[in-house]
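Analysis of the macromolecular model
The lines below spell out each chain.
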Amino acid sequence: MDHVIFGAGAVGRATARALRDRGERVRMVSRSGRGPDGVETVAGDATDPEFTTAVAAGARVVYQALNPPYPQWPQEFPRLQAGVLAAARSAGARLVSMDNVYCYGRPSGPLTESTPEAAHTVKGRLRAAMAADLLAEHRAGRVEVVIARASDFYGPGTGAQSNLGDRVIGPAHRGRPATVLGDPDQPHTYTFVPDVGRTLAELGLRDGVTGEVWHVPNDPATRTTRELVGMVQALAGHPGSGVRRIPDLAVRALGLVDRTTAALWEMRYLFSAPFVVDSTKITQRLGLRATPVEQALALTLAAG
């Protein structure tokens, strides 16, 4: 099998579809053993290096698209990465790793690939350390690595995990107000999941990209969350349905009884100030561009 993807969430599935549509042979590995049509699927535990090595034998490219639940990040994520890394090393395959922008910490302007890493959260420091470990493996010549970073996801399949997901799309269809985290009037970059999949596929196949970090293409016209929600509501035929903000105190209170919400608390800075992720590098060097936001929102609405 030429391409082996670990993880069957929204990113893994988008990557599988992008590779499948290019005519590539794809195997998707996850605990559930599920995946899109036209893709071979295998169920298993990616923290087991014997399993990952066996399932990725002969692969040209291995993709890390895993994302354990927030509360389990410190315990699970390093073990998952170790399993995928072992698979890529054993197969002599390129490793394409999905990352996010937590490693940069609080932004003082648009985030680029050269922005200093100044993570101040548990999850941000963890992702920074994981990326550093992968790049060290690359520099040592043990495995060829390329890292993609994206801002907050939206699009088909993102559901409740996205600030532009279930709390926006479902109400938009019914003409009801959206509910969002943070300040809806702050500029915020959101990354369309199918663009993530196409980017990971490109980084798996393209020459001259390894040993680097690449931001997934984003629509360069950064809008506020309120503006994006308004566009969704207009597309749904219910313009002006309104936006409600989840109060910080409500998030804090729910976190006392819900571990996932508690783990979200330290990340509230993402939505409390301007948060802009620049993707000029990948557009200028590789020619990759984001799906126009109007089209992306329409596709998201149609899928929800």
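These figures come from a predicted structure and were not determined experimentally. (Residues numbered from 1 in each chain as written. Predicted model: local features only at pLDDT ≥ 70, side-chain atom pairs only at ≥ 80, totals over all residues. Heavy atoms only, no water.)

Pairing between side chains of opposite charge can happen when their charged atoms approach one another. Under the criterion given, the structure shown has 23 salt bridges. Across the pair arginine 60 and glutamate 24 runs a salt bridge whose closest N-O atoms are separated by 3.2 Å. Taken together, the positions of arginine 60 in the loop between α2 (49-55) and β4 (61-64) and glutamate 24 in the loop between α1 (10-21) and β2 (26-30) put the pair 36 residues apart, joining distant regions of the chain. Residue class for arginine 60 comes out partly exposed when judged on its relative accessible area of 41%. In this structure, arginine 226 engages aspartate 185 in a salt bridge whose closest nitrogen and oxygen atoms are separated by 2.6 Å. Of this pair, arginine 226 sits in helix α7 (residues 225-235) while aspartate 185 sits in the loop between β8 (178-181) and β9 (187-188); the two residues are 41 residues apart in sequence, bridging distant segments of the chain. With relative accessibility at 43%, the residue aspartate 185 sits in the partly exposed group. Shared partners join several salt bridges into a network, and the residues in it are Asp2, Glu24, Arg25 and Arg60. (Salt bridge = Lys/Arg side-chain N within 4 Å of Asp/Glu carboxyl O. Helix = DSSP H or I, 4+ residues; strand = E, 2+ residues; numbered from the N terminus. Buried < 20%, exposed > 50% of the residue type's maximum accessible area, 1.4 Å probe, protein only.)

This part covers the UniProt feature "domain: NAD-dependent epimerase/dehydratase" (unreviewed entry) in the chain. Summarizing the sequence annotation, UniProt attributes the feature "domain: NAD-dependent epimerase/dehydratase" (unreviewed entry) to residues 7-200 in the numbering used throughout. Between the end C-alpha atoms of residues 7-200 the distance is 13 Å, and the span holds 38% helix and 20% strand. (UniProt positions renumbered as here; feature names shortened; annotations may be inferred.)

Moving on, we get to the packing of aromatic side chains. Evaluation of the coordinates by the stated rule reveals five aromatic pairs. Centroid distance tyrosine 190 to phenylalanine 271: 6.5 Å. Interplanar angle 35°. Geometry classified as tilted. Here tyrosine 190 is found in strand β10 (residues 190-192), whereas its partner phenylalanine 271 is found in the loop between α9 (259-264) and α10 (280-286), with 81 residues between them in sequence. Among the residues examined, tyrosine 190 registers a relative accessible area of 8% and is labelled buried. We classify phenylalanine 271 as buried; its relative accessible area is 10%. In this structure an aromatic cluster arises from ring pairing among Tyr70, Trp73, Phe77 and Tyr102. The ring centre of tyrosine 269 lies 6.0 Å from the NZ or CZ of arginine 106, which sits over that ring. When the ring centre of tryptophan 73 is taken as reference, the NZ or CZ atom of arginine 127 above it lies at 5.6 Å. (Phe/Tyr/Trp six-rings, centres within 6.5 Å; stacked < 30°, edge-to-face > 60°. Lys NZ or Arg CZ within 6 Å of the ring centre and 35° of its normal.)

It is worth spelling out the nonpolar core at this point. Phe6, Val62, Leu95 and Tyr154 are the most contacted members of the largest nonpolar core, which has 60 residues in total. Ranked by the residues each element gives to this core, the list is headed by helix α3 (residues 73-91), at seven residues. Leaving out residues up to four positions away in the same chain, leucine 95 has contacts with Val62, Gln64, Val84, Leu85, Ala88, Leu134, Val143, Glu144, Val145 and Val146. Grouped together as the second largest cluster of nonpolar side chains are 27 residues, Ala18, Val61, Ala150 and Ile282 included. (Core = buried A, V, L, I, M, F, W, Y, C linked by side-chain atoms within 4.5 Å. Contact = heavy atoms within 4.5 Å.)

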